[in-house]
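# Architecture and fold: a report
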Number of protein chains: 2
Amino acid sequence: MTEGVTFEFLDVPDDHFAEDEEVYGGLAAEVRRLVDLTIRSRSGAAEVRTATARLREVNDLLARDTRPGPAGVAFNATGRAWNWGNAVVGERNAIAPPLVVEHDGPGESRATVHLGAAYEGPPGMVHGGVSALLLDHLMGETASSGFTRVTMTGTLTLRYVAPLPLGEVRLAGRITEDDGRKVLVTATIGTAEQVAVEATGLFIVPSWAGTNGPGN
Amino acid sequence: MTEGVTFEFLDVPDDHFAEDEEVYGGLAAEVRRLVDLTIRSRSGAAEVRTATARLREVNDLLARDTRPGPAGVAFNATGRAWNWGNAVVGERNAIAPPLVVEHDGPGESRATVHLGAAYEGPPGMVHGGVSALLLDHLMGETASSGFTRVTMTGTLTLRYVAPLPLGEVRLAGRITEDDGRKVLVTATIGTAEQVAVEATGLFIVPSWAGTNGPGN
């Protein structure tokens, strides 16, 4: 299914998918609500069976025409990228919170996101692996200097220093070393008051991807 | 919302939630299908708007009675645990594949799971952060020797050695050092043919949780 999947170039303007983004974004928002309710609902068996049957009809409607594989990643000549299916930032992916990464300047980024019941590990706490998932993504985007170059994760080290309650969490990352081939990024996730996880990542710029520094 | 949330003791038999597990498990399976279709459907705007409206009705039905916070984790006197909301293994959590961890013996575990379009990072590949998410969970379960003791993640180090295509992936983990207070676990995720990520984790047995070794 996934062999030969690559970044896809599309010769389209930035707003080419505006309607798709609006209608599928609206659907994904409702799916995120359903994911949460499937965990938190106290409805009885009869009601849940009714909900499941109606949901099956919705699925059958959406299943009439589907792409054979995953969403992939597309981009156009202006550098606008579409990664609707991405597990962390994909607007059409209800698994993704989605994270919205803000790039403050070359090599610096941050994000604020609300993590609800679907991201739980220990009771009431964000799953430690979810912290790793979000940090990996933010750090990769930071290393790539806002998608101006391709980077691949080499190693990732996470230090868990405090539990992280579900609710609003904050991430911040920055490049601390960069020789154009190897990029070192440090990042944290936590609440407004306390860091929960400290991370260090080594990202590699593949030889086929050029050696431009941040901002180029 | 999450303050004071703890592991909850329930004085109930192992099969107390059998009907809930069946009906909500069936709902969650259909929600996982919807998450996938929301990414892969090529339905037009009118059909997607219809699907969204019908989905909103399903959500409103399930929203009539909900628990105020996340699912939490409950257990009973026989050691049976319920963590329906867990982000990796929760049966009612459509974000979770869900992973089913098999414990081969004291300090050894493995899992096989299919990762579809919702777990994508690079085109056609499993998101590197998803590998971290699944590894963190499997390693924590391994360190806890199948829930016979409480452990907390101290540090986690991941080495990315090859891309991991979407599809069937395999995880394996084992305890390599254990002095009853600090537990070292190594683990991998990959395909049947190739390891994609190698991980090492240091897990801590909190002083309030006793110092029993594996199998006790």
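The rules behind these values
- Residues numbered from 1 in each chain as written.
- Chains lettered and ligands numbered in written order.
- Predicted model: local features only at pLDDT ≥ 70, side-chain atom pairs only at ≥ 80, totals over all residues.
- Heavy atoms only, no water.
- Helix = DSSP H or I, 4+ residues; strand = E, 2+ residues; numbered from the N terminus.
- Buried < 20%, exposed > 50% of the residue type's maximum accessible area, 1.4 Å probe, protein only.
- Contact = heavy atoms within 4.5 Å.
- Areas by Shrake-Rupley, 256 points an atom, 1.4 Å probe, with all protein chains shown as cover.
- Lys, Arg positive; Asp, Glu negative; His and termini not counted.
- Charge placed at Lys NZ, Arg CZ, Asp CG, Glu CD.
- Pairing = 2+ DSSP bridges.
- Axes fitted to C-alpha atoms, helices over the stretch in contact; angles between N-to-C directions.
- Polar contact = N/O pair within 3.5 Å; in protein donor to acceptor, adjacent residues only side chain to side chain.
- Least-squares fit on C-alpha atoms with pLDDT ≥ 70 in both.
- Patch = residues over 30% accessible without salt bridge, like charges linked within 9 Å, V, L, I, M, F, W, Y side chains within 5 Å.
- Salt bridge = Lys/Arg side-chain N within 4 Å of Asp/Glu carboxyl O.
- Expected span 1.5 Å × (residues − 1).

## A closer look at the overall build of chain A
Broken down by element type, chain A carries three helices and nine strands. Going from N to C terminus, chain A has its helices and strands arranged as β-α-α-β-β-β-β-α-β-β-β-β. Along the first, second and third principal axes, the C-alpha set of chain A runs to 60 × 45 × 30 Å. Here chain A holds 216 residues, and 52% of them are scored as buried. A sequence separation of at least 24 residues applies to 64% of the contacts in chain A between residues at least 6 apart. Here chain A displays about 9400 Å² of accessible surface, and carbon together with sulfur accounts for 50% of that area. Between the centroid of the 18 positive side chains of chain A and the centroid of its 28 negative side chains there is a distance of 6 Å.

## A closer look at the sheet that holds strand β9 (residues 195-204) of chain A
Overall, antiparallel pairing links the 12 strands, which are arranged β4(A)-β5(A)-β7(A)-β8(A)-β9(A)-β6(A)-β6(B)-β9(B)-β8(B)-β7(B)-β5(B)-β4(B) in an open sheet. Edge positions in the sheet fall to β4 (102-105) of chain A together with β4 (102-105) of chain B, since each has one partner strand and no second. Averaged over all pairs of adjacent strands, the angle between strand axes in this sheet comes to 20°, irrespective of strand direction. Relative to strand β5 (residues 108-115) of chain A, β4 of chain A runs antiparallel, the two sharing three bridges. Of the residues in β5 of chain A, the one forming a bridge with G105 of chain A is E108 of chain A. In this fold helix α3 (residues 128-143) of chain A packs onto β4, β5, β6 (152-160), β7 (167-178), β8 (182-190) and β9 of chain A together with β6 (152-160) of chain B, with an angle of close to 140° to the strand it touches most, β8 of chain A. Helix α3 (residues 128-143) of chain B rests against β6 of chain A together with β4, β5 (108-115), β6, β7 (167-178), β8 (182-190) and β9 (195-204) of chain B of the sheet, and its axis sits at about 140° to β8 of chain B.

## Notes on the side chain of R149 of chain B
Residue and element names in this part refer to chain B. Within the element layout of this structure, R149 appears in the loop between α3 and β6. R149 gets classed as buried once you look at its relative accessible area, which sits at 7%. Within polar-contact distance, the side chain of R149 engages the backbone oxygen of A143 at 2.9 Å. Of note is the side chain of R149, whose polar atom sits 3.0 Å from the side chain of D178.

## Re the environment of G79 of chain B
Residues and elements named next belong to chain B. Residue position: G79 is located in the loop between β2 (74-75) and β3 (81-82). G79 gets classed as exposed once you look at its relative accessible area, which sits at 52%. When the C-alpha positions of G79 and S41 are compared, they lie 42 Å apart, and in sequence the two are 38 residues distant.

## Points about the relation of the copies chain A and chain B
For the pair chain A and chain B, the relating rotation is 180°, the translation along its axis is 0.0 Å, and the fit reaches an RMSD of 0.0 Å. Such a turn and shift between the copies fits a two-fold axis. Scanning chain A for the C-alpha nearest the rotation axis identifies T157 of chain A, at a separation of 2.1 Å. In this assembly the copies share their binding face: 100% of the residues contributing to the interface of chain A also contribute to that of chain B.

## Things to note about a nonpolar patch on the surface
A surface patch of nonpolar side chains, about 300 Å² in accessible area, is lined by F7, F9 and F75 of chain A. Secondary-structure assignment places F75 of chain A in strand β2 (residues 74-75).

## Some thoughts on α3 of chain A
Residues and elements named next belong to chain A. The first and last C-alpha atoms of α3 sit 22 Å apart over 16 residues, in line with the 22 Å expected at 1.5 Å per residue. Across the 16 residues that make up α3, a large majority, 16, are buried. One or two steps after α3, the chain reaches S145, where phi turns positive at roughly 50°.

## Structural notes on the pattern of salt bridges
A full pass over the atoms with the stated rule returns 26 salt bridges over all chains. For the salt bridge of E30 of chain A with R56 of chain B, the shortest nitrogen-to-oxygen distance reads 3.3 Å. Taken together, the positions of E30 of chain A in helix α1 (residues 18-40) and R56 of chain B in helix α2 (residues 45-62) put the pair across two chains. R56 of chain B gets classed as partly exposed once you look at its relative accessible area, which sits at 39%. Salt-bridge contacts for E102 of chain B lead to R110 of chain B; the nearest nitrogen and oxygen are separated by 3.8 Å.

## As for unusual backbone geometry
Residue P98 of chain A follows P97 of chain A across a cis peptide bond; omega there is -15°. Note that P98 of chain A resides in the loop between β3 (81-82) and β4.

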